[in-house]
Structures are given as C-alpha cells and as structure tokens.
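# Architecture at a glance
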Amino acid sequence: MSVDTATVRRVARLARIAVTDEDVTAMEGELNAILGFVEQLGEVDVEGVEPMTSVIPMAMKKRQDVVTDGSKADDIVANAPVSEDHFFVVPKVVE
C-alpha cells in the first residue's frame, strides 16, 4: 500500500493539522515507511502464539457479573427536585 500527496493532505485535513507543501512530501515518506512496517508485521508467523494481556504472566482480576441496584438508590435521588420510586421525575417535553 502506498500513500500519495492527495492522501496525505486528506489525512491532515481530517486530523485538523495544518500542513505546508514542504511538509507534505516529508509526511508522504514517513507514512509510507510506517505502512511498510505494518505490512512486514503481517508476514510474521504467529501460529500457536496465545494472545497476551500483559508482557508478564498474570491472572486477570475478575468479579462475578451479577445485577444489583447498587444499594444507593436513595442516595442517588436524594438531591432530585422530584422523584418517585427511585426514579427522577422530569417534565414532559414531547407532545
């Protein structure tokens, strides 16, 4: 994959970066070098390599996935001007 000057200008515009004409040619070379490196990474054989979450072996801290009300419903609506059954009461805005 190769990047041309039009693509560099488009990426700079999308990133909201002001790029001069001199910078466009330099950035074109840099982006092509980065994309070339990414293509090299695609050639690496990773068959049999397990995905990692860290560079050192460690167990992930996990908690039970249970639904609770947080036991804080009263605290949450305590400062609400109007509440009903632990819900905020708001004025109707759609007819």
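Look a little higher up for the structure.
Remember, predicted model here, so these are calculated numbers, not experimental data. (Residues numbered from 1 in each chain as written. Predicted model: local features only at pLDDT ≥ 70, side-chain atom pairs only at ≥ 80, totals over all residues. Heavy atoms only, no water.)

### Topic: the overall build of the protein chain
The number of helices and strands found in the protein chain is three helices and two strands. Computed over C-alpha atoms, the radius of gyration of the protein chain comes to 27 Å, more than 25% over the 12 Å expected from 2.2 N^0.38 for 95 residues, which places it beyond the range of a compact globule. Projected onto its principal axes, the C-alpha coordinates of the protein chain cover approximately 65 × 45 × 25 Å. Sorting the 95 residues of the protein chain into buried and exposed places 6% on the buried side. Only carbon and sulfur atoms are counted for the fraction: they give 57% of the accessible area of the protein chain, which is about 9,200 Å². The centroid of the 9 positive side-chain charges in the protein chain is displaced by 6 Å from the centroid of its 18 negative side-chain charges. (Helix = DSSP H or I, 4+ residues; strand = E, 2+ residues; numbered from the N terminus. Rg over C-alpha atoms; globule rule 2.2 N^0.38 Å. Buried < 20%, exposed > 50% of the residue type's maximum accessible area, 1.4 Å probe, protein only. Areas by Shrake-Rupley, 256 points an atom, 1.4 Å probe, with all protein chains shown as cover. Lys, Arg positive; Asp, Glu negative; His and termini not counted. Charge placed at Lys NZ, Arg CZ, Asp CG, Glu CD.)

### A short note on the pattern of salt bridges
As enumerated under the stated definition, the model contains one salt bridge in all. For the salt bridge of R9 with D21, the shortest nitrogen-to-oxygen distance reads 3.1 Å. Of this pair, R9 sits in helix α1 (residues 5-14) while D21 sits in helix α2 (residues 21-42), and the two are 12 residues apart along the sequence. Residue classification places R9 among the partly exposed residues on the basis of a relative accessible area of 40%. Residue D21 is classed as exposed on the basis of its relative accessible area of 53%. (Salt bridge = Lys/Arg side-chain N within 4 Å of Asp/Glu carboxyl O.)

### Considering unusual backbone geometry
Residue R16 is not a glycine yet carries a positive backbone phi of 55°. Tracing the backbone shows R16 in the loop between α1 and α2. Classification of R16 as exposed rests on a relative accessible area of 76%. The phi angle at D85 is positive, at roughly 50°, despite the residue not being glycine.

### Considerations on the packing of α1 against α2
Remark: α1 packs on α2, axes separated minimally by 9 Å, with the N-to-C direction vectors making an angle of 100°. As summarised for this structure, α1 and α2 are arranged roughly perpendicular, according to the angle between their axes. Every residue of α2 that contacts α1 at T5, V8 and R9 is listed here: D21, V24, M27, E28 and L31. Per-class residue counts for the contact of α1 with α2 are four nonpolar, one polar and three charged. (Axes fitted to C-alpha atoms, helices over the stretch in contact; angles between N-to-C directions. Parallel < 35°, antiparallel > 145°, perpendicular 65-115°, else oblique. Contact = heavy atoms within 4.5 Å. Nonpolar A, V, L, I, M, F, W, Y, C, P; charged D, E, K, R; others polar.)

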